[in-house]
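Topology and contacts: notes
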Amino acid sequence: EPEVTQTPSHQVTQMGQEVILRCVPISNHLYFYWYRQILGQKVEFLVSFYNNEISEKSEIFDDQFSVERPDGSNFTLKIRSTKLEDSAMYFCASSEAGTGLDYEQYFGPGTRLTVT
Amino acid sequence: AQSVTQLDSQVPVFEEAPVELRCNYSSSVSVYLFWYVQYPNQGLQLLLKYLSGSTLVESINGFEAEFNKSQTSFHLRKPSVHISDTAEYFCAVIFPFSGGYNKLIFGAGTRLAVHP
């Protein structure tokens with residue numbers, strides 16, 4: 001069964017460093033998303049991406065964050081200068097385009113980011 | 001404001017007992033409703049969804065949820081739980097007419113612990 005994959009599973013970085021979290025969405029999906037879950041808190045929407053551009057973003061997704069689809073398969077989230085409060089589990093998700101189908105978001109296993 | 005409330009943070013239950021996990025949302029217009037399950041050390045898996053039509057929806061592993069528009073609820077139920085149902089359950093909502101066409105808003109999650 002097709003699935004969303006994410007690498008690495010765990011990333012440790014120092015405050016101020018840049019990190020790139022990688023995702024491979026399901027191959028025929030056209031919508032891509034990033035969510036995060038700070039330990040003990042809700043899963044929060046960060047950004048959605050369609051047709052090579054951001055379609056929606058939350059207040060969390062400030063200038064320190066960026067997303068990119070550098071090739072036909074990868075979808076990345078970059079944090080330019082990490083802060084302690086960026087420590088969280090980051091989930092990538094994808095969905096098909098089409099009536100109703102784009103609501104079914106399939107999630108990857110997550111990348112745990114620890115900023116020290 | 002768009003919000004999703006899961007009233008119970010933890011629900012302990014004995015094996016083969018029935019269970020109900022509660023979810024309420026704030027909206028007076030149409031929404032799309034989802035339940036996701038997260039098993040230990042895994043990502044979020046879509047359990048079931050309500051987009052339109054019959055208000056009672058079922059999953060392949062015996063869970064069901066009923067959309068109640070007047071009470072703005074989407075409670076998850078199972079008549080007889082198994083040890084393997086132990087997981088975190090997240091209710092999520094898309095508010096398509098409030099600017100969040102593809103943005104999932106999550107509840108805080110309910111940890112279901114099934115005991116022998």
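Placed above this text is the structure.
Computed from a prediction, not measured in an experiment: that's the story for all the values here. One numbering rule holds for all chains: residues counted from 1, following each sequence as written. To read the labels, note that chains go from A and ligands from 1, taken in the order they are written. Totals for whole chains, interfaces and linings use all residues, but because this is a predicted model, local features are given only for residues with pLDDT of at least 70 and pairs of side-chain atoms are given and counted only at 80 or more. With hydrogens and water stripped out, all remaining heavy atoms of the structure feed into the side-chain values.

1. Considering the sheet that holds strand β1 (residues 5-7) of chain A
All names here are of chain A. Should DSSP find at least two bridges between two strands, the strands are regarded as paired. Under the scheme used here, helices are H or I runs from DSSP no shorter than 4 residues and strands are E runs no shorter than 2 residues, and both carry numbers assigned from the N terminus. Strand order in the open sheet made by the four strands is β1-β3-β8-β7, with antiparallel pairing throughout. Each end of this open sheet is capped by a strand with a single partner; those strands are β1 and β7 (65-68). Within the sheet, the average angular offset between the axes of one strand and its neighbour, ignoring direction, is 20°. The sheet contact formed by strand β3 (residues 19-24) and strand β8 (residues 75-79) spans five bridges and is antiparallel. In the strand pairing of β8, Leu21 is matched with Leu77. Axis geometry follows a simple rule: fit a line to the C-alpha atoms, using only the stretch in contact for helices, then measure angles between N-to-C directions, giving values from 0 to 180 degrees.

2. Concerning unusual backbone geometry
Residues and elements named next belong to chain A. Note that the residue after Thr7, namely Pro8, is joined by a cis bond; omega there is -10°. Not every positive phi belongs to a glycine, and Asn51 is a case in point at roughly 55°. Along the polypeptide, Asn51 turns up in the loop between β5 (43-50) and β6 (53-57). One non-glycine residue, Asn52, adopts positive backbone phi at about 65°. Turning to its location among the elements, Asn52 is positioned in the loop between β5 and β6.

3. With respect to the pattern of salt bridges
Salt bridge, as applied in this entry: a Lys or Arg side-chain nitrogen positioned within 4 Å of an Asp or Glu carboxyl oxygen. By the definition in use, this model includes nine salt bridges over all chains. Residue A:Arg36 pairs with A:Glu44 through a salt bridge whose shortest N-O separation is 3.3 Å. Only protein chains enter the area calculation, which uses a 1.4 Å probe; residues under 20% of their type maximum are buried, those over 50% are exposed, and those in between are partly exposed. On the accessibility criterion, A:Glu44 (24% relative accessible area) is partly exposed. In this structure, B:Arg77 engages B:Glu66 in a salt bridge whose closest nitrogen and oxygen atoms are separated by 3.1 Å. A residue pair is termed long-range when its members are at least 10 positions apart, and B:Arg77 in strand β9 (residues 73-78) and B:Glu66 in strand β8 (residues 64-68) qualify at eleven residues. The exposure class of B:Arg77 is partly exposed, given its relative accessible area of 24%. With a relative accessible area of 34%, B:Glu66 lands in the partly exposed category. The structure contains a network of salt bridges with shared partners spanning B:Glu20, B:Glu64, B:Glu66 and B:Arg77.

4. Re the interface of chain A and chain B
Note on contacts: a residue pair is in contact if any heavy atoms of the two residues lie within 4.5 Å. Of the residues lining the interface, 17 residues belong to chain A; the matching set on chain B comes to 22 residues. Summed over both partners, the accessible surface that disappears when two parts come together, traced with a 1.4 Å probe, is what is meant by buried area. For the pair chain A and chain B, the summed buried surface comes to about 1700 Å²; carbon and sulfur atoms form 57% of the total. If you sort the residues of chain A by the area they bury against chain B, A:Lys42, A:Glu56 and A:Tyr103 come out on top, with a joint share of 37%. Between N or O atoms, a polar contact is any pair within 3.5 Å; within protein, one atom must be a potential hydrogen donor and the other a potential acceptor, and residues adjacent in sequence are included only when both atoms are from side chains. There are four residue pairs in polar contact (both at pLDDT 80 or more) connecting chain A and chain B. The element that contributes the greatest number of residues to the side of chain A that touches chain B is strand β4 (residues 31-37) of chain A, accounting for four residues.

5. Side note on the state of the cysteines
All names here are of chain B. Throughout, disulfides are identified as pairs of cysteine sulfur atoms within 2.5 Å of each other. Inspection of the entire model under this criterion finds two disulfides over all chains. Between Cys23 and Cys91 runs a disulfide, and the two sulfur atoms are separated by 1.9 Å. One disulfide, between Cys23 and Cys91, carries an S-S torsion of -65° and so falls in the left-handed class. Here Cys91 lies in strand β10 (residues 87-94) and Cys23 lies in the loop between β3 (19-21) and β4 (24-25), a separation of 68 residues in the sequence. Of the two residues, Cys23 and Cys91, neither departs from the other in class, the shared state being buried.

6. Some thoughts on the nonpolar core
Here is a general trend for soluble globular proteins: nonpolar side chains tend to be buried in one another's company. Core analysis: the biggest nonpolar cluster contains 30 residues, and B:Leu33, B:Trp35, B:Leu47, B:Leu48, B:Phe74, B:Leu76 and B:Tyr89 have the highest contact counts within it. With four residues, β10(B) is the largest single contributor of residues to this core. Leaving out residues up to four positions away in the same chain, B:Leu76 has contacts with B:Val19, B:Glu20, B:Leu21, B:Trp35, B:Leu47, B:Leu48, B:Phe63, B:Glu64, B:Ala65 and B:Tyr89. Core analysis: the next-biggest nonpolar cluster, separate from the first, contains 22 residues, A:Val4, A:Val19, A:Val47 and A:Ala88 among them. By nonpolar core we mean a set of buried residues, namely Ala, Val, Leu, Ile, Met, Phe, Trp, Tyr and Cys, connected to one another through side-chain atoms within 4.5 Å.

7. Examining the side chain of A:His29
Mapped onto the fold, A:His29 is located in the loop between β3 and β4. A polar side-chain atom of A:His29 sits 2.7 Å from a polar atom in the side chain of A:Ser94.

8. Let's talk about the packing of aromatic side chains
Paired rings are identified among Phe, Tyr and Trp, the last through its six-membered ring, by centres lying within 6.5 Å, and are further divided according to the angle between planes into stacked (under 30 degrees), edge-to-face (over 60) and tilted (the rest). Tallying each qualifying case throughout the model produces 17 aromatic pairs over all chains. Taking 5.2 Å as the distance between ring centres and 80° as the angle between the ring planes, the aromatic pair formed by A:Phe107 and B:Tyr36 counts as edge-to-face. Taken as a pair, A:Phe107 in strand β10 (residues 106-107) and B:Tyr36 in strand β5 (residues 32-38) lie in two separate chains rather than in one. By relative accessible area, which is 9% here, A:Phe107 ends up buried. Overall, B:Tyr36 belongs to the buried group, its relative accessible area being 0%. With a centroid separation of 5.4 Å and an interplanar angle of 45°, the aromatic rings of B:Phe63 and B:Tyr89 are classed as tilted. Highlighted residues: B:Phe63 in the loop between β7 (56-58) and β8 and B:Tyr89 in strand β10, separated in sequence by 26 residues. Look at B:Phe63 and you get buried, because its relative accessible area is 1%.

It is worth stressing that arrangement in space is one thing and function is another; only the former is reported here.
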